[in-house]
Structure formats: C-alpha cells, structure tokens
Amino acid sequence: PTIAPTPTPRPAAGGTELYGFLPYWQMNPTMADYLGSAPLTTVALFSVTQRQSGALNTTATGYRRITGTIGRRLIDEAQARGTRVDLVFTSFGADKNGIFFGRIVPPPAPATPAPGASAATPPPAPTAGVEATPGPTATVAPWHRTVEELVALAVELGVDGLCVDIELLDAEDRPAFGEFLTALRAALVTAKPDARLTVATEAGMRGTGNAAAAAAGSSSPRMRWTL
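These figures come from a predicted structure and were not determined experimentally.

1. Side note on the overall build of the protein chain
Right, so step 1: Looking only at helices and strands, the protein chain has 7 helices and 6 strands in total.
Right, so step 2: The order of α-helices and β-strands along the protein chain, N terminus first, is β-α-β-α-α-β-α-α-β-α-β-α-β.
Right, so step 3: Relative to its 227 residues, the protein chain shows a buried fraction of 41%.
Right, so step 4: Carbon and sulfur atoms make up 59% of the accessible area of the protein chain, which amounts to about 13200 Å² in all.

Written out as structure tokens, the structure is:
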C-alpha cells in the first residue's frame, strides 16, 4: 500500500538568519503589509549611493524612498516586530569605483559663464623650453566623505546597521576598499555601539577576492559578508 505523504514540520525560528534585500522599486504599502508576515531577521533597504565627490546622492530614487514616508514606515514596523534593519550603500561600475577609491581622478567640470559674460580667454601656450605645470588633483579619496555622511544617515534613520554592496570592483582598488570598510565600521560602532556592518559581494572569483579583502579588514563579529 502507498503511504500517504505528510508535510515536513516547519522548523522553529532561531539559529538561522534570513537576510532579505528590499529594493527601492518595491517599497510601497503593499510590500510593507506583506513584510508583517515574513519571517525575516534582517531587512536591508536597497539602496543609497554617492556622487563623484563622495556626497550621498540625495536626489536618487532610492534615497528619497528610504528617507521618505514609506521608508520610515518600513523601519518602524520592522523594528517593532523585532526585525533588524540595515541601510544598503551601493556603488556599481569599475570607473565609478575607481573614482570613489581615488585611483581615477575625474576631469574637472567645465566652468559655466555667467549670463551675458563672454567666454573666458584660454590660457597662453607654454613658452618654448618651459614645462606646463599640471593642475591640482584630489588628495583625499571621495570615500572619506561617504563614511561621514553614511553613518550620519544611519543615525538619523535609526537603522540597526549598514550593508555595503560594491560591484565590478577593480583588483587595484581592493586595498582602498578594505580601508573604506575599516573606517566605516569604526565610525559606525562609535556612533551606534550595537550596529553591525555587512558586506555583500558578487559571485565568482572577483566576489571571492572582494570578500577576502573585507574579511581581512576586521575580525570583529560586527563585520560579516554575504554572497
């Protein structure tokens, strides 16, 4: 005789973390209602990003959703359920990351003449035998500013931690990537002693290398990485 199938009992909560990324394009009241029944241990609000200067891009849709009414509702309701909330920082693209970590210095933006003003006269060509002096370049990588603004935003929103998701990272930028994570973790736990820093990496060899750089930055349990 055939034995009637029986469902596998649902395991008790505890001992396992369920970490869920919530992208900004799905932040709406319907999703907020659904999350009320989702057994997440951490919900990661995805995401905010930076400008070339390192300042957070406050005009990006992700920033506006997370700092707006729906984002604050998601944070408040998750924490009321005992769910942790992480704010996700993203930087995608080899050139963007090269600028962020100071390896690439972007060309200066062209000056915009005032209305009615004539175009500026170009500088004279160097005299024969005299070398032109190069213009000034950035001495502090933009990520230093991002650390300050990202931690300040985490404090303002009252989230429980930060998650860093940097993709298409050039191998030459990994040392600066490690410095960024170390500085960010230090600033975060100074401002919020119970906060935790999570590092998300890509799949494949590049992601493995990035995860190794992140792990080398700290042995603290408050820094971990996800794939």
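Back to the text.
2. Observations regarding the pattern of salt bridges
One side chain can pair with another of opposite charge once the charged atoms of both are near each other.
Right, so step 1: Using the criterion set out here, one finds 7 salt bridges in the structure.
Right, so step 2: Among the salt bridges present, the one from Asp 33 reaches Arg 73, with a minimum N-O distance of 2.6 Å. Here Arg 73 lies in helix α3 (residues 69–80) and Asp 33 lies in helix α1 (residues 29–35), a separation of 40 residues in the sequence.
Right, so step 3: According to the relative accessible area criterion, Asp 33 is exposed, its value standing at 52%.
Right, so step 4: We note a salt bridge from Asp 173 to Arg 103, for which the minimum N-O separation is 2.8 Å.

3. Digging into the packing of aromatic side chains
The geometry of an aromatic ring pair comes down to the distance between the two centres and the angle between the two planes.
Right, so step 1: Taken as a whole, this structure holds 10 aromatic pairs when the rule is applied.
Right, so step 2: Pairing Phe 101 with Phe 177 gives two aromatic rings, centres 6.2 Å apart and planes at 85°, and the pair type is edge-to-face. Taken as a pair, Phe 101 in the loop between α4 (94–100) and α5 (143–157) and Phe 177 in helix α6 (residues 174–191) lie far apart in primary sequence, 76 residues in all. Both residues of the pair, Phe 101 and Phe 177, count as buried.
Right, so step 3: Plain terms: the ring middles of Trp 143 and Phe 180 are 5.9 Å apart, the flat faces sit at 70° to each other, and that makes the pair edge-to-face. With Trp 143 in helix α5 and Phe 180 in helix α6, this residue pair connects regions lying 37 residues apart in the sequence. Like Phe 180, Trp 143 is buried.
Right, so step 4: Site record: aromatic cluster; members linked through ring pairs are Phe 89, Phe 100, Phe 101, Trp 143, Phe 177 and Phe 180.

4. Brief notes about empty space enclosed by the protein
Right, so step 1: Evaluation of the coordinates by the stated rule reveals 1 cavity of 30 Å³ or more.
Right, so step 2: Of the voids in this model, the largest cavity is the one considered here, and its volume is about 40 Å³.
Right, so step 3: If you go around the largest cavity, the residues you meet are Leu 35, Ala 38, Leu 40, Val 43, Ala 78, Arg 81 and Thr 83.
Right, so step 4: Class assignment for the residues of the lining of the largest cavity results in 5 nonpolar, 1 polar and 1 charged.

5. Brief notes about the packing of α5 against α6
Right, so step 1: Interhelical geometry of α5 versus α6 gives an angle of 30° and a closest axis separation of 10 Å. What the angle tells us is that α5 and α6 run roughly parallel. Like other packed secondary-structure pairs, α5 and α6 cross with a definite hand, here right-handed. Of the residues in α6, those touching α5 at Trp 143, Val 147, Leu 150, Val 151 and Val 155 are Ala 176, Glu 179, Phe 180, Ala 183, Leu 184, Ala 187, Leu 188 and Ala 191.

6. Looking at the side chain of Thr 42
Right, so step 1: Tracing the backbone shows Thr 42 in strand β2 (residues 42–48).
Right, so step 2: Its relative accessible area of 0% is what places Thr 42 among the buried residues.
Right, so step 3: Apart from the residues lying within four places of it in its own chain, the contact partners of Thr 42 are Glu 17, Leu 18, Tyr 19, Gly 20, Thr 83, Arg 84, Asp 86 and Arg 196.

7. A look at the pairing of strand β5 (residues 196–200)
Right, so step 1: Of all the 5 residues making up β5, 5 are buried; the element is thus mostly covered by neighbouring parts of the structure.
Right, so step 2: Residues Arg 196, Thr 198 and Ala 200 line one face of β5 and the alternating positions Leu 197 and Val 199 line the opposite face, and both faces are buried.
Right, so step 3: For the crossover from strand β4 (residues 161–167) across α6 to β5, the handedness is right-handed.

8. Topic: α3
It helps to recall that an α-helix has 3.6 residues per turn; residues three or four apart then point in one direction.
Right, so step 1: The first and last C-alpha atoms of α3 sit 16 Å apart over 12 residues, in line with the 16 Å expected at 1.5 Å per residue.
Right, so step 2: Here α3 has its buried residues at Ile 70, Gly 71, Leu 74, Ile 75 and Ala 78. Here the buried residues of α3 occupy an arc of 140° about the axis, which is enough to place them on one side. Of the residues in α3, the exposed ones pointing more than 90 degrees away from the buried face are Thr 69, Asp 76 and Ala 80.

Analysis parameters
- Residues numbered from 1 in each chain as written.
- Predicted model: local features only at pLDDT ≥ 70, side-chain atom pairs only at ≥ 80, totals over all residues.
- Heavy atoms only, no water.
- Helix = DSSP H or I, 4+ residues; strand = E, 2+ residues; numbered from the N terminus.
- Buried < 20%, exposed > 50% of the residue type's maximum accessible area, 1.4 Å probe, protein only.
- Areas by Shrake-Rupley, 256 points an atom, 1.4 Å probe, with all protein chains shown as cover.
- Salt bridge = Lys/Arg side-chain N within 4 Å of Asp/Glu carboxyl O.
- Phe/Tyr/Trp six-rings, centres within 6.5 Å; stacked < 30°, edge-to-face > 60°.
- 1 Å grid on protein atoms, 1.4 Å probe; cavity = no way out; pocket = protein on both sides within 12 Å on 5 of 7 lines; lining within 4 Å.
- Points joined across faces, edges and corners; volume = space filled by probe spheres on them.
- Nonpolar A, V, L, I, M, F, W, Y, C, P; charged D, E, K, R; others polar.
- Axes fitted to C-alpha atoms, helices over the stretch in contact; angles between N-to-C directions.
- Parallel < 35°, antiparallel > 145°, perpendicular 65-115°, else oblique.
- Left-handed = near helix turned anticlockwise from the far one by under 90°.
- Contact = heavy atoms within 4.5 Å.
- Right-handed = clockwise from strand over helix to strand, strands pointing away.
- Expected span 1.5 Å × (residues − 1).
- Arc of directions from axis to C-beta.

Shape descriptors only; they carry no functional weight alone.
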